[in-house]
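A structural walkthrough
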Amino acid sequence: MSATRRLLTAALGLATLVAAPRAASAAEYEIFIDIDDEESLYDLYVTNQISEDTFNTLVELRRRGVDLNEATREELYTLPNLSFEDVDRILAYRAEVGVIHAPADLLAAEVLDQRKLGSILTFIRANDQRRKLTATHGWVRYQTAYTPTDTTVPPMALQARITTLRQLTIGGAGFVTRQRPGNPAWDPTREAMVADPMQARVHLPKFFAQWDTDRWGVIAGTYRIGFGQRLVFDTSDRYTPNGFYLDDAIYRPTTLGVQCRESAGELPASPCSGAAGDLYGTADFRWRDSLRGVAIGAKHLDLPVGWMQLYAFGSWQSRQVYQYDVADVNTCEDARDSNLCPSPPVFVGDPGDPLAPTSTHKFQTLPNMYDELLGGANVSWFYDRRTHVGITGYGATAVWKLEGAELDFKGPATRPFGGAWGAIGADMSWGERWSDLAVEVARSFDSMATARTLSEGADYGGGGFAGIARHTTTLGRHELELSARYYDQDYANPFAGSIAEADEFNGNRHRDEAGGRVRYNARLIDRLDLRAFADFWVNPSDSTPKFRGFVRSDFDATPWLRPGLWLAYRNTDLRAGSFGGCINTAGLDETPRQEDGSISYRSGCLSEVGQITARLGFRPARGKAKGKLSLTAQYQHEVIDDVSVDGRPRQDAAAFLILRSNPVGSFRLNARLRYLNEDLADNARQEHSLWTYIEGSYVFSRVFQARLRYDTFVWLDERDNTLARVPSPEHRLRLQLEARF
């Protein structure tokens, strides 16, 4: 047994020993969440304390806010740090008093302790349903970013949300982008697509009007929706969704993006040859295409026993698609194989001379490529808030918008190729005292088996089965969650959002996977937060066993000192002497790249990874600094079985230092330093960098907030693409202005 494997096996054994009783937090959050603003959430994300999915979920949850007077059990359950027992106490207290006038009422009534209530304050609100009909409140937020290499208008994003007439909420989000091509068209002469070059453009992809009460609701515009265990349909990013949610989410850039994305095409050489291909600039703000249409729900129709819930939803959404996920039906022999189904080139349009030789776009997400027509419904009967049965189903199809072309999806795309698709399933939940059980089974259907882009005689597609069961045990400050899942190889449902690992089968996470997982969350001796997780799964198509697990402990040593120790282990093939695959999809001899074509610095084939993280949190509990200063230090070390490294284990190291302060009034000052060295033994293979930022924010007259952030990123490794990179070091600015009324 190699030294690397002995170390990783020891880490796994320790993790299994510590986590033996296995329990789980209410929603799937990796740590105890205690933040004041979005920047605090962002720091949790970049320091690997939470995943990107958790970050996006909590950002959306904080922006929307959970109303203590109207939230369902499922909505309260999405709040961080709360157990089922906590949620049921809140609901029982609300039923007893009628109206929760302020979050502090929960502390006074001993529904929640001060620690838990303080940790969720930024996510909750308590609207009085008796407030004046004309009462109006809302916010407007503007964001922009800049780096000195930018040569055009900076990227911008504008959001607005207004609530009035007690139940009416309207809003939207608009963008100024500079790195997106124009709408593609089909050029029959070239038998290829043509799109105008990248330039500044204005987009309004998010807009909505929502009327929502505790009995019924309707939303028109962009929205998200989900039900049950998310096996049939979920776009909400919530752990236990039940209904629709408005959508105006914005995703800000976290790195610079490559500025030139063109290949030679019909030209002698690419416009991105030489220094032009190494120039980086501010990336655009992004959004996700969700649903755009109408959803209506009757949430509570009284019956002699229990109540009924009815939802219907429809969407006509113009969608963008990555250019390498598109197939030309007339030249594609088999959509599952990129070698047999090359994507049609996308030439850079020249409005002055459409026939002139030109270059081609590369690494682009193409806008307005197709309209997705979708309709669905949910019918559920509730015995009480913990026990129900329901049925959810939907159907969808894609209408391609390029006249003169026959286009379809390729295997790596999330949507099935060949025509219409959908799914139908049944779910149930049951709860009594300390026990909550949820089960969902589903059947998908698609048109891939009869697609023209499937090779003749291939046994593929047509739909498959899937199922998931989840049980949660809540005993005081302990929660134990056990779950099992099965996704057939043919369960090609792009709207499934249930529990699944990150590996994909032909573009979908919820395909070709069978596994079980256990999660634990506990508060011990009133000082120790313990979270543990273990997931074992296989791909039924090849029976490859895989494992991912972690144990995280944080201890309140004193009111001002909180140390922590975390262990994590992952193996993509547990068979002795076997190698299961890489994190990225590029081959070992290729340069891994992100979707925009920029270098993916988290590279290498990381089949087996053991990780240890030590943390130390300091927050003064006395004197003038009480509540105004916090300091967190973290060191993370990884031992990696990287097949691209011969004769030795690869070792990575990362160190973080985070400072948060509130020196005076409403002025806040935050700073962070991150040192990263991937592969300590070789400075010419992976990323080696130093990243720092400082941010200040100030609230004027309680209604207007200005936030300015400055980042410096220094590249320290000696790879060829790093040495050629411009700018180096990087200097970035980001400005956010927000008004509340």
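In this text, all values refer to a predicted model and were calculated from it rather than measured experimentally. (Residues numbered from 1 in each chain as written. Predicted model: local features only at pLDDT ≥ 70, side-chain atom pairs only at ≥ 80, totals over all residues. Heavy atoms only, no water.)

Things to note about the overall build of the protein
A tally of helices and strands in the protein yields eight helices and 36 strands. Relative to a compact globule of 741 residues, whose C-alpha radius of gyration would be 27 Å, the protein shows 26 Å and is just as compact. Taken over the C-alpha atoms alone, the protein extends approximately 75 × 60 × 60 Å along its principal axes. Burial statistics for the protein: of 741 residues in total, 55% are counted as buried. The contacts in the protein between residues at least 6 apart in sequence include a share of 65% that link residues at least 24 apart. Counting every atom, the protein has about 31,300 Å² of accessible surface; 58% of that belongs to carbon and sulfur. Computed over 83 positive and 96 negative side-chain charges, the inter-centroid distance for the protein is 8 Å. (Helix = DSSP H or I, 4+ residues; strand = E, 2+ residues; numbered from the N terminus. Rg over C-alpha atoms; globule rule 2.2 N^0.38 Å. Buried < 20%, exposed > 50% of the residue type's maximum accessible area, 1.4 Å probe, protein only. Contact = heavy atoms within 4.5 Å. Areas by Shrake-Rupley, 256 points an atom, 1.4 Å probe, with all protein chains shown as cover. Lys, Arg positive; Asp, Glu negative; His and termini not counted. Charge placed at Lys NZ, Arg CZ, Asp CG, Glu CD.)

Some points on unusual backbone geometry
Residues Val-726 and Pro-727 are joined by a peptide bond in cis, for which omega reads 5°. Within the fold, Pro-727 resides in the loop between helix H8 (720-723) and strand S36 (730-740). The omega torsion across Ser-728 and Pro-729 is 5°, close enough to zero to call that bond cis. When you line up the elements, Pro-729 lands in the loop between H8 and S36. Backbone geometry places Leu-165, a non-glycine residue, at a positive phi of 50°. Within the secondary structure, Leu-165 is located in the loop between strand S4 (156-164) and strand S5 (168-177). Classification of Leu-165 by relative accessible area gives partly exposed; the value is 33%. One non-glycine residue, Arg-433, lies in positive phi territory at about 55°. Here Arg-433 shows up in the loop between strand S22 (421-432) and strand S23 (435-445). With a relative accessible area of 69%, Arg-433 lands in the exposed category.

What about the pairing of strand S9 (residues 216-226)?
Among the eleven residues that make up S9, eight are buried, leaving the element largely enclosed by the rest of the structure. In this sheet, S9 lies alongside strand S8 (residues 201-212) in antiparallel orientation, the contact comprising five bridges. Each bridged residue has a counterpart across the sheet, and for Phe-208 the counterpart in S9 is Gly-221. A loop of three residues connects S8 with S9, the two strands running antiparallel in sequence. (Pairing = 2+ DSSP bridges.)

Some details on helix H2 (residues 38-46)
Along H2, eight of the nine residues are buried, which leaves the element largely enclosed by surrounding structure. Of all the residues in H2, the buried ones are Glu-38, Glu-39, Ser-40, Leu-41, Tyr-42, Asp-43, Leu-44 and Val-46.

Focus on the nonpolar core
Across soluble globular proteins, nonpolar side chains have a tendency to be buried as a group. One finds Ile-33, Phe-313 and Tyr-394 to be the most contacted residues of the largest nonpolar core, which totals 66 residues. Examining the composition of this core, we find that five residues originate from one element, helix H5 (residues 84-97), more than from any other. Not counting residues within four places of it along the chain, the set of residues in contact with Ile-33 comprises Leu-41, Leu-44, Ile-50, Leu-58, Pro-80, Asn-81, Ser-119 and Phe-123. Core analysis: the next-biggest nonpolar cluster, separate from the first, contains 26 residues, Val-321, Tyr-460, Ala-492 and Phe-505 among them. (Core = buried A, V, L, I, M, F, W, Y, C linked by side-chain atoms within 4.5 Å.)

Quick look at the pattern of salt bridges
For the structure on display, the rule yields 51 salt bridges. In this structure, Arg-719 engages Asp-717 in a salt bridge whose closest nitrogen and oxygen atoms are separated by 2.9 Å. As far as the burial class goes, Arg-719 and Asp-717 line up, both buried. Each of Arg-73, Asp-88, Arg-385, Arg-386 and Asp-436 takes part in a single network of salt bridges with overlapping partners. (Salt bridge = Lys/Arg side-chain N within 4 Å of Asp/Glu carboxyl O.)

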